[in-house]
Every structure is written in C-alpha cells, then in structure tokens.
Amino acid sequence: MSEQPNSRCGYCAIVGRPNVGKSTLLNRLIGQKLAITSHKPQTTRHSILGVKTTDEGQIIYVDTPGLHKRGDHAMNRYLNRTARSALADVDMILFVVEALRWTDEDQAVLETVSRLDIPILLLVNKIDTVKNKEELLPYLDTTSKRFEFSAVIPLSARKGDNIAPLEKQVLSGMPEGIAYFPEDQLTDRSERFFAAELIREQLTQRYAKEIPYALTVEIEKFEEEGNLYRIHGLIWVEREGQKNIIIGAKGEALKAVGTQARIEMEKFFDKKVFLQLWVKVKKSWSSDEGALSRLGYSD
Ligand SMILES: Nc1nc2c(ncn2[C@@H]2O[C@H](COP(=O)(O)OP(=O)(O)O)[C@@H](O)[C@H]2O)c(=O)[nH]1
Ligand SMILES: [Mg+2]
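Residues numbered from 1 in each chain as written. Chains lettered and ligands numbered in written order. Predicted model: local features only at pLDDT ≥ 70, side-chain atom pairs only at ≥ 80, totals over all residues. Heavy atoms only, no water.

Asks: I tried to follow the overall build of the protein chain on my own but got confused; where do I start?
Replies: The helix and strand tally for the protein chain stands at 10 helices and 9 strands. The C-alpha radius of gyration of the protein chain comes to 20 Å, within 12% of the 19 Å expected for a compact globule of 299 residues. If one aligns the C-alpha atoms of the protein chain with their principal axes, the spans along those axes are about 55 × 45 × 40 Å. Within the protein chain, buried positions represent 51% of all 299 residues. Partitioning the intrachain contacts of the protein chain with sequence separation of at least 6 by distance along the chain shows that 73% fall at a separation of at least 24. Surface summary for the protein chain: the accessible area is close to 14400 Å², and the carbon and sulfur share equals 48%. (Helix = DSSP H or I, 4+ residues; strand = E, 2+ residues; numbered from the N terminus. Rg over C-alpha atoms; globule rule 2.2 N^0.38 Å. Buried < 20%, exposed > 50% of the residue type's maximum accessible area, 1.4 Å probe, protein only. Contact = heavy atoms within 4.5 Å. Areas by Shrake-Rupley, 256 points an atom, 1.4 Å probe, with all protein chains shown as cover.)

Asks: Would you mind going over the environment of A108 with me for this structure?
Replies: Assignment of secondary structure puts A108 in helix α3 (residues 104–114). Separated by 153 residues in sequence, A108 and A261 have C-alpha atoms that sit 35 Å apart.

Asks: Can you walk me through helix α1 (residues 22–30) in this structure?
Replies: The periodicity of an α-helix, 3.6 residues per turn, causes residues three or four places apart in sequence to face the same way. Here α1 lies mainly inside the structure; 7 of its 9 residues are buried. All buried positions along α1 are accounted for by K22, S23, L25, L26, N27, L29 and I30. Where the residues of α1 are buried, they touch β1 (8–15), β2 (48–54), β3 (57–63), β4 (92–98), β5 (120–125) and α5 (163–172).

Asks: Is there a simple way to explain the layout of surface pockets in this structure?
Replies: Rolled over the atoms, a probe sized like a water molecule indicates the empty space that remains. Considered as a void within the structure, the largest pocket measures approximately 440 Å³ in volume. Taken together, 26 residues form the lining of the largest pocket, with N19, G21, T24, S38 and K126 sitting closest to its centre. With 3 residues, the top contributor of residues to the lining of the largest pocket is α1. (1 Å grid on protein atoms, 1.4 Å probe; cavity = no way out; pocket = protein on both sides within 12 Å on 5 of 7 lines; lining within 4 Å. Points joined across faces, edges and corners; volume = space filled by probe spheres on them.)

Asks: Sorry, what's going on with the site of ligand 1 here?
Replies: Near ligand 1 lie 17 residues; those nearest to it are N19, K22, T24, D128 and R158. One of the backbone nitrogen or oxygen atoms of V20 is found 3.3 Å away from an oxygen atom of ligand 1. Interatomic distance of 3.0 Å between a backbone N/O atom of A157 and an oxygen atom of ligand 1. Protein coverage of the free-state accessible area of ligand 1, which is 580 Å², stands at 89%. Counting residues per element, the shell around ligand 1 draws most heavily on α1, at 3 residues. Of the residues belonging to the shell around ligand 1, the class tally is 3 nonpolar, 10 polar and 4 charged. (Near = heavy atom within 4 Å. Polar contact = N/O pair within 3.5 Å; in protein donor to acceptor, adjacent residues only side chain to side chain. Nonpolar A, V, L, I, M, F, W, Y, C, P; charged D, E, K, R; others polar.)

Asks: Looking at this structure, I do not really get the UniProt feature "domain: KH type-2" (unreviewed entry) in the protein chain. What am I missing?
Replies: Here the UniProt feature "domain: KH type-2" (unreviewed entry) sits at residues 199–283. Within residues 199–283, the helical portion is 45% and the strand portion 35%, while the C-alpha atoms at the span's ends are 21 Å from each other. (UniProt positions renumbered as here; feature names shortened; annotations may be inferred.)

Asks: Any chance you could explain the coordination of the magnesium ion (ligand 2) here in plain terms?
Replies: By definition of the ideal shapes, four donors in a tetrahedron about a metal sit 109.5 degrees apart, and six donors in an octahedron sit 90 or 180 degrees apart. Protein coordination of the magnesium ion (ligand 2) is provided by S23 (OG) and T44 (OG1), with donor distances spanning 2.0 to 2.2 Å. Residue S23 is found in helix α1, and its partner T44 is found in the loop between α1 and β2; the two are separated by 21 residues along the sequence. (Donors = N, O, S within 2.8 Å, 3.2 Å for Na, K, Ca; no water.)

Asks: Where do I start with a negative patch on the surface in this structure?
Replies: A cluster of like negative charges, contributed by D55, E56, E183 and D184, occupies part of the molecular surface. Within the secondary structure, E56 sits in the loop between β2 and β3. (Patch = residues over 30% accessible without salt bridge, like charges linked within 9 Å, V, L, I, M, F, W, Y side chains within 5 Å. Salt bridge = Lys/Arg side-chain N within 4 Å of Asp/Glu carboxyl O. Lys, Arg positive; Asp, Glu negative; His and termini not counted. Charge placed at Lys NZ, Arg CZ, Asp CG, Glu CD.)

Asks: What should I look at first to understand the sheet that holds strand β8 (residues 228–237) in this one?
Replies: Note on sheets: strands pair through backbone hydrogen bonds, and any given pair is parallel or antiparallel. Strands sit in the order β7-β8-β9 across an open sheet of 3 strands; the sheet is mixed. If you trace the sheet from one side to the other, it starts and ends with β7 (216–225) and β9 (272–281), each paired once. The average undirected angle you get between the axes of adjacent strands in this sheet is 15°. In this structure, β8 lies alongside β9, joined through 10 bridges in parallel fashion. Counterpart to I231 in the pairing with β9 is L275. Contacting β7, β8 and β9, helix α6 (residues 191–206) crosses the sheet at an angle of about 130° to β7. Along the sheet, helix α9 (residues 252–269) contacts β7, β8 and β9; its crossing angle with β9, the most-contacted strand, is approximately 140°. (Pairing = 2+ DSSP bridges. Axes fitted to C-alpha atoms, helices over the stretch in contact; angles between N-to-C directions.)

Here it is, written out as structure tokens:
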C-alpha cells in the first residue's frame, strides 16, 4: 500500500446507456479483461470494480450495467438498481456516449447523473469510427453545452486513443488519501465470478434475439488441483427450445462454447482449466425476483 502523504485515492463510476463501450473502457483502463463485452444490451449485469494503482495514487473504477429505459421487467429493475447504487458514493462520474450520437437514452442518463452533484467528465467514445475527424468538432461543441461537464474527452476505448489524458484528468479529481486496496489487487470479484462471466460472454456473443436475456450461468464447482482448475458450470435458460439451441446437434454448439470459454479462462487465470458445462431449464427465472436473488442478482 502507498504511504505517500500526497497520494490520491477515490472512486470513479463509468455510466452510460447500453452499448456505448463502458466495459471496453474499464478493461482498457485496467489493462486486463475484467468485464465481458458484446454489442448486446444487458451484457454487463453486475457492478465490477477495477482498481488501478500507480505511483501517484489509486483510482477505483466502477463499471455499471447501462441504465435501462424499461423498468417493467424484474431483470431491468435489478440492473437499474445496481447502476444507481454504484453512483451513491463516488468522487467522479465518467459519462460515456458514442461519437456523433445523442439519443433519448443518453439524455435520460444525463438527467439521472446530473442530479447527484458529483463532477462529471463527458467521454465521447468510438472516435475511431469517425473517418473525417472534423465532423467531430460541431458534435463536441453541442454536446459540451448540454451540461457543465468538468471536461469533454474524445477517445477510443477499443484502440486506446486518448486514454492517458483521461487518466490524468481522473486522478486530479480524486481526493487525497492513501490506497484502499493492496497495489496488486485488480478487482473485488472472485475467480468463480469471472468463470461464470466468461461462459456467459461466449453465449451472449454467439446467440442473437432472446437467448442472451434468458440465460444465466452458475458455477457449481470450482476446485484447484495444483496448476489445474476444475470447473463445473450450469447454464440456466427459460425454455426447452433455448436449451436445445444451446446444446445443438450432437452437443456441438455447447462444445464450441465450452472450448472457447476454457481458452479465455486459461488466459485469465493463467492455469490449465478443465471445464464441464450443463444446461438446465428454469421457467421465467429472469422475471422472478426470488430466482434472481438465488442466482446472484441481489443487492
Ligand atoms: N469501434 C469501436 N467500438 C467500440 C469501442 N468501444 C467499445 N466498442 C464496441 O461496442 C460494443 C459495446 O461495448 P461494451 O463495452 O460491451 O459496451 P457497454 O454496454 O457500454 O459496456 C462492443 O461490440 C465493443 O467492442 C471503440 O472505441 N470503438
Ligand atoms: Mg458493459
């Protein structure tokens, strides 16, 4: 832990509507894949802390599920609750939008965070998609007038453009204090949690339509045997038809998911991984508050 009297330490939440690149940004800032990403909403279902320690201090980033507009479904209510509670005690907010876009959902997120009286940095992400960079200027001009942001930073989380100036800006906004977390700690989540997330990432990226929303992953067994992790994962879906799709003809689809998830886990844990997967049906788990809480979606 840092003993320097002038060191800084604080919390910084990453917020925005789904799909603007919040999780990609967290991974970029930490330099490791902590948060799973995909182009589908609801990919991030839990708040994840990413801890970045340097000589100047410690920044604790909080990745949040996107604030979802529809609050009429139990899962969306949980996601909104999680996103909102992550904002309660932070020192700074990174509000992420997509270059050249400003939707009703962006506006709704701004309205939520601007009520909190916490400094807000506006991050205009995905600038790598803008061929002619001059097009950005009028956009930056209008968006920066939407609120008194402490700064507006165009960047690309995917390519890593403009990340260093962002980090400098964030650090300067953190209160003085000594580090909360040991300097080698990157996150607050367990290896079991990441195992489940890496399985869910494969499934979320692979299936379109309703399947990503209808599934969750539970780790039934997580055992260490020397340099090997033995992991049993249970994939819950809501209907028989979804189970059949995930298993596929002769189990081929599930096997492919298992292989790719195992490769990702071996990279993440730096261990050999033996992974077995099962699929089970639990009707309407995602709209049942009790089932949600048993499956780990509780505050
Ligand atoms: N071109 C481009 N795509 C990005 C960038 N950042 C994120 N993405 C993509 O946008 C999609 C959503 O990213 P994700 O981080 O899951 O968004 P989140 O829902 O806000 O957490 C993924 O397909 C990312 O690869 C970027 O800087 N440039
Ligand atoms: Mg995300």
